[in-house]
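Structural characterization, general
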Amino acid sequence: MTEPTGGAIGVLTSGGDAPGMNAALRAVVRTALSRGVKVFAIYEGYQGMVDGGDRLRAMAWDSVGGIMQHGGTIIGTARCAAFRNREGRLQAARHLLEQGIDRLVVIGGDGSLTGANLFRQEWPSLIAELAAQGAITAEAAARHSQLAIVGLVGSIDNDFTGTDMTIGADTALHRITTALDQIGSTAASHQRTFVIEVMGRHCGYLALMSALAGTAHWVFLPEHPPEAEDWEAAMCEVLAAGRAAGRRHSTVIVAEGARDRNGNPITSERVRQVLEEHLKEDVRVSILGHIQRGGAPSAFDRWMSTLLGHAAVEHLLASTPDDEPQVIGLRYNRITHQPLMACVTQTRAVAEAIAAHDYERAMELRGGSFTEQYRILQTLIQTVPHPPRPGQRRLRLGVLTGGAPAPGMNTAVRAATRLAIDRGHVIVAINNGVDGLIEGQTQEFDWMNVHGWGSTGGSNLGTSRTVPAGADFAAIARTLEAERLDGLLLVGGWAAYQSALELYRRRAAHPAFDLPIICLPASISNNLPGSELCIGADTALNSIVEVVDKIKNSAVAARRCFVVEVMGGHCGYLALMSSLATGAERVYLNEEGVTLRDLQEDLERMTAGFSDGRRLSLLIRNERANPFYTTAFMAALFEQESQGLFEVRQAILGHLQQGGDPSPFDRIQATRLAARCVDFLIDQAEQGATTAALIGIVGGRIKLTDLVDMPDLMDAEHIRPKEQWWQELQPVVQRLAQPG
Ligand code: ADP
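Residues numbered from 1 in each chain as written. Predicted model: local features only at pLDDT ≥ 70, side-chain atom pairs only at ≥ 80, totals over all residues. Heavy atoms only, no water.

**Observations regarding the overall build of the chain**
Threshold: Labels follow the DSSP assignment, with helices taken as runs of H or I lasting at least four residues and strands as runs of E lasting at least two, numbered in each case from the N terminus. Exposed residues in this analysis have more than 50% of their type's maximum accessible area, buried residues have under 20%, and partly exposed residues fall in between, with area computed by a 1.4 Å probe over protein chains only. Contacts are residue-level and defined by heavy atoms, with any inter-residue pair within 4.5 Å sufficient. Values of accessible area rely on a 1.4 Å probe in the Shrake-Rupley scheme; residue burial ignores everything except the protein chains shown.
When its secondary structure is counted, the chain shows 24 helices and 24 strands. For the chain, the C-alpha atoms occupy an extent of roughly 90 × 70 × 50 Å along the three principal directions. Burial status across the chain gives 61% buried among its 740 residues. Within the chain, residue pairs in contact and separated by at least 24 positions form 79% of the contacts whose partners lie at least 6 positions apart. About 27,100 Å² of surface is accessible on the chain, with carbon and sulfur atoms providing 49% of the total.

**Focus on the sheet that holds strand 18 (residues 586-588)**
Put simply, the rule reads: Two strands form a pair only when DSSP identifies at least two bridges running between them. Lines fitted to the C-alpha atoms define the axes, with helices restricted to the stretch that makes contact. Angles between their N-to-C directions range from 0 to 180 degrees.
The strand order across the open sheet formed by 4 strands is 18-19-17-20, and the pairing between neighbours is parallel. The open sheet has two edge strands with one neighbour each: strand 18 and strand 20 (647-652). Neighbour to neighbour, the strand axes of the sheet diverge by 20° on average, direction disregarded. In this sheet, strand 19 (residues 616-622) lies alongside strand 18 in parallel orientation, the contact comprising 3 bridges. Counted as the bridge partner of Val587 is Ile620 from strand 19.

**Some details on the packing of aromatic side chains**
Quick reminder of the rule: Each pair of aromatic rings taken from Phe, Tyr and Trp, with Trp reduced to its six-membered ring, is defined by centres within 6.5 Å and is described as stacked if the planes are under 30 degrees apart, edge-to-face if over 60, and tilted in the remaining cases.
This structure, assessed with the given rule, holds 12 aromatic pairs. Relative to Phe83, the ring of Tyr46 has its centre 3.8 Å away and its plane inclined at 10°; by these criteria the two rings are stacked. With a gap of 37 residues between them, Tyr46 in helix 2 (residues 45-51) and Phe83 in the loop between strand 3 (56-58) and helix 3 (86-98) connect regions that are remote in the sequence. Each member of the pair Tyr46 and Phe83 is classed as buried. The interplanar angle of 75° and the centroid separation of 6.0 Å between the aromatic rings of Tyr573 and Trp726 together place this pair among those described as edge-to-face. With Tyr573 in helix 19 (residues 573-582) and Trp726 in the loop between strand 24 (720-721) and helix 24 (730-737), the pair connects residues that are 153 residues apart, well separated along the chain.

**Things to note about the side chain of Ser286**
By secondary structure assignment, the location of Ser286 is in strand 9 (residues 283-287). Ignoring anything within four residues of it in the chain, the contact list for Ser286 reads Ile183, Phe194, Val195, Ile196 and Glu197.

**Overview of helix 14 (residues 409-422)**
The following threshold applies: What a helix should span is 1.5 Å times the count of its residues minus one.
Compared with an ideal rise of 1.5 Å per residue, which puts 14 residues at 20 Å, helix 14 spans 20 Å between its outermost C-alpha atoms and is within 8% of the ideal. Of all 14 residues that make up helix 14, 14 are buried, and the element is covered over most of its length. Two residues or fewer past helix 14, Gly424 is found with a positive phi of approximately 90°.

**A few points about the site of the ligand**
Condition: Throughout, the term near means that a residue has one or more heavy atoms lying within 4 Å of the molecule or strand in question. We define a polar contact as two N or O atoms separated by no more than 3.5 Å, with the added condition that, inside protein, one atom must be a possible hydrogen donor and the other a possible acceptor, whereas residues neighbouring each other in sequence contribute only through side-chain atom pairs. Any residue outside Ala, Val, Leu, Ile, Met, Phe, Trp, Tyr, Cys, Pro, Asp, Glu, Lys and Arg is labelled polar, Gly included; the first ten of those are nonpolar and the last four are charged.
Neighbouring the ligand are 16 residues; Arg79, Cys80, Gly109, Gly111 and Ser112 lie closest to it. In this structure, Arg79 approaches the ligand through a side-chain N or O atom, which is 2.7 Å from an oxygen atom. Between Gly111 and the ligand, the recorded distance is 2.9 Å, taken from a backbone N or O atom to an oxygen atom. Here the ligand has 550 Å² of accessible area as a free molecule, and 82% of this is covered by the chains. Its residues assigned to classes, the shell around the ligand shows 4 nonpolar, 8 polar and 4 charged.

**Quick notes on the packing of helix 13 (residues 368-380) against helix 14**
Where we set the bar: Relative orientations are named as follows: roughly parallel for angles under 35 degrees, roughly antiparallel for angles over 145 degrees, roughly perpendicular for angles from 65 to 115 degrees, and oblique for any other angle.
Between helix 13 and helix 14, the shortest axis-to-axis distance is 9 Å and the interhelical angle comes to 75°. Accordingly, the angle class assigned to the pair helix 13 and helix 14 is roughly perpendicular. Between helix 13 and helix 14, the contacting residues are Ile376, Thr379 and Leu380 on the first element and Arg414, Ala415, Arg418, Leu419 and Asp422 on the second.

**Focus: the pattern of salt bridges**
Convention followed: The term salt bridge refers to a side-chain nitrogen of Lys or Arg lying within 4 Å of a carboxyl oxygen of Asp or Glu.
Throughout the structure, instances matching the rule amount to 39 salt bridges. One salt bridge in this structure joins Arg302 and Asp549, with 2.8 Å as the shortest N-O distance. Taken together, the positions of Arg302 in helix 10 (residues 299-318) and Asp549 in helix 18 (residues 537-553) put the pair 247 residues apart, joining distant regions of the chain. Taken individually, Arg302 and Asp549 each receive the classification buried, so the pair is uniform in this respect.

**With respect to the environment of Ile74**
Structurally, Ile74 is set in the loop between strand 3 and helix 3. Using a relative accessible area of 36% as the deciding quantity, one classes Ile74 as partly exposed. Residues Ile74 and Met21 lie 53 residues apart in sequence; the distance between their C-alpha atoms is 8.5 Å. In contact with Ile74, other than residues within four places in its own chain, are Asn22, Leu25, Tyr43, Ser63 and Ile67.

**Describing the side chain of Glu122**
Assignment of secondary structure puts Glu122 in helix 4 (residues 110-133). There is a polar contact of 2.8 Å between the side chain of Glu122 and the side chain of Arg89. Not counting residues within four places of it along the chain, the set of residues in contact with Glu122 comprises Arg86 and Arg89.

**What about the pairing of strand 1 (residues 8-13)?**
Spelled out, the test is: The handedness rule is simple: strands pointing away from the viewer, and a clockwise path from the first strand over the helix to the second, make the crossover right-handed.
Burial of strand 1 is extensive: 6 of the 6 residues sit out of reach of the surface. The alternating pattern of strand 1 places Ala8, Gly10 and Leu12 on one face and Ile9, Val11 and Thr13 on the opposite face, and all of these are buried. Relative to strand 4 (residues 101-108), strand 1 runs parallel, the two being bridged by 6 bridges. Paired with Leu12 across the bridge in strand 4 is Val106. Pairing of strand 1 with strand 2 (residues 39-42), which is carried by 4 bridges, proceeds in the parallel orientation. The residue of strand 2 that forms the bridge with Ile9 is Val39. Following the chain from strand 1 across helix 1 (residues 21-34) to the adjacent parallel strand 2, one finds a crossover that is right-handed.

**Concerning the sheet that holds strand 8 (residues 250-255)**
Taken together, the 4 strands give an open sheet; going across it, the order is 7-8-6-9, and neighbouring strands pair in parallel fashion. Across the chains shown, the open sheet's two edge strands, defined by having one partner strand only, are strand 7 (218-220) and strand 9. Between one strand axis and the next, the sheet turns by 15° as a mean value, whatever way the strands run. Sheet topology places strand 6 (residues 193-198) next to strand 8; 6 bridges connect them, and they run parallel. The residue of strand 8 that forms the bridge with Thr193 is Ser250. Set on the sheet, helix 8 (residues 231-244) makes contact with strand 6, strand 7 and strand 8; between it and strand 7 the angle comes to about 155°. Contacts between helix 9 (residues 268-279) and the sheet are confined to strand 6, strand 7, strand 8 and strand 9, with strand 9 contributing the most and set at about 170° to the helix.

Keep in mind these values describe shape, not function.
If you want it as C-alpha cells, here you go:
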C-alpha cells in the first residue's frame, strides 16, 4: 500500500452537460477546502487539461457560491479528441503537475470515466517521460508518482450501471413530463395525436419513466422493441380503442434509439406516418431535443449531486492511489461506491446486447425494477380492461385518501383503479377520507372515472384528517358490510394510518373490519412508518427549491438574511433536504432542538460573514423546530442584533408546499406502490387471509410491514418515525455552508 498522496484535487465536468453538475462541483470544492486540501477546477473538460494555463484555476470558497440553481456546468465541458491520444494525455499530466494536482474528480459519462481510468493507468509512464524530458523535476515525479481518480456519473439518460440515478436524469424527466402535461392539454382541445421523441440512444429510461409519469398511451424503447412483428397494427389497435372509449388525445413516446425486433430504427417520423395512414388522424411530432438537458436542476439533482460531490472527496482522501478506482453513486437511496471499470463494462454490455438484438439480455441488465415498470405501463396504457375470466370471483376493493393532501394521491388512486379493474375486480371509491367511510359516501369506479388523474395534484376523491372514534366504528362497519368490501386501500398520511390501526384493533368487536387492509404512504412531510420515502415529499421539495431560488434573486442589492420556514410537522425531512438542495447554511430541526446559545453562535457567524462582504444568508427552519423560538422571533432577534449590518426577512412558505402537480418521481413511485397494494389485496382476499400492512420503500425496494408493528416504529408524540435515515446527512449541510 502506498501512502495517500498529498497533492491538490482537480475537478472537471466532461462529455454531455447535465443539470446538477454545479451542485456536485460546489460540494467537491467546499468539501476539499473544509478538509484543508487545495482544489482546482479544470475548465472545458479534458480539453482544459490538455491546454493548461488559466484553464486550471484554484477555487476559493466563494468561487462556487450561488451556482446550484443553474443548469449545465459553470466550468464548461467539451469533447476532446486530443485526450484520446497519449500525446494529449502527456500534456494533460504536465499541466496537472504544474499545479501539484494528483487527485481527480471526474464528472461525466462512461466515455469520460474510461478516459480517466486510462489516464490513471498510464500516469507512471507519463510522469517518467516528463521527468526524462526535464519537464518536471525528479522530486515532483517522486511526489506525484500516482494519480488517484474518482468518478461521478453525469448523464441525463440514466444509462449507467452502478448508480440508480445519474446526475441530470431526474431534471430531464421533469422537463419531459412538463412538456407532456402541456402538450396533453392542447392535444385534447383538438383531439390530436402527438408523437414525442425523447433522448436515449441506448437507454429507454427517460422514455419509459416519462410514459408512466406523463400517462402516455404507447412507448418505443431501444432495449425492448415491440413484441409484435406488426407493431404498426398493435399500436393502432390500442390507440383506436382509446378514441372509441372517449380519450380526447393520444400520446406516443419514442426514444431516440427505438427499434424493431430486427434492429431497424423506429423513428418518430415513421410513427407519425403509420398513425396518419391507419387512423386518419391529425398527428403532430414534437422532438423535445435539448430542452431536456437545460434549465434549473430539480431538487433531487441538487441534493443528490451535493451528496455525491461530498462523498467523492471524502473517498479520495480516505483511499490510496493503489485502490481500485471507484464511481460514487446512489444505490437504494444511499450513497455508495462501486468499481469504476466494472460499471463501465456493464453499462456498455447493454448497448452491445441491443446491437446484437439480444433484447432479453438488455432488459435483464437494466434490472428488475425497469422490467416491473414496463409491465405496469403495459396495463395502464390499455383503454379497456381485460374482461373478467369466466367464473372468476370479482373482489370489491375500497380505496380512500386520508390525512393532508399530498401530490401523487390521484396518481395512486388511478393506478390502483385501473390495475384492479384490469384483473377483473371492482373498485369502490370512498369520498372524503374516513368521513366518507363513516357516512357511506361510496361510488363504484369504472376505467374512465380516473381518466386524467395521473398528473394532477391534490386529491380528487377528497380527503379528511378524521380518525374514527366512538360511534364511528359501527357506522364504518355498516359501510363495509353494505359495500361487501373484500379489501381496503388507504392512501394517505398519519390520519389514514391511525384510522387503519384503530379499525384493526377493533376486529373482535366488529367482524367487518376483518378484511385485508393496506396503507400507502402519501405525505409531504415524509413522516410515516415503514417507508423511507412518502409520495408527495419530492414534489414539496421541488416547490420549496423553486421559491427559494426566487427569494435568493430578490436579495441582490442588500445584505440580507432570510429565515425560511418549511412544513413537516415535527419531522425535519423537508427542512434538511431543502437545505441540502438550496445550499442553506443552517437548518433548524425539532429533532435537534434549538437553544439560545445556537442562535447566538449563528448570529456571530453571520455578523462575521456579512462584515467580510457576504451578501446573503439563508437559514431554513422546520415549522416546529422550537415552540418558543419561532420564525418571527428568530428574524426579530437577528435583525435587532445585527445593528444595521444586515437586514432579516422571514418567509413562511405555507400551503404552496402541499399543492402543485406531482413530480415525475412522485408519480412513478405512486404508481409502483399502488400496483403492489392491489396485488397484496387480491392475494390476501383470494387466500381468505386478512393481513393488515403498511407498504413502503425501504432501501430502494418495496417492503411490507405489519400494521401491528406501527406503534413500535413511531415516535407518536412527534408523529415521526423513530428512525429517520436522512438525519445522518445533517453534517453535510454544515460542512458545505460555511468555511472553516
Ligand atoms: P461521455 O463522458 O458523456 O460518455 P464522451 O464519450 O464524448 O462523453 O467522452 C467525453 C470525453 O472523454 C471525450 O471527448 C474524450 O476526451 C474522453 N474520452 C472518452 N473515451 C475515451 C477513451 N477511451 N480514452 C481517452 N479519453 C476518452
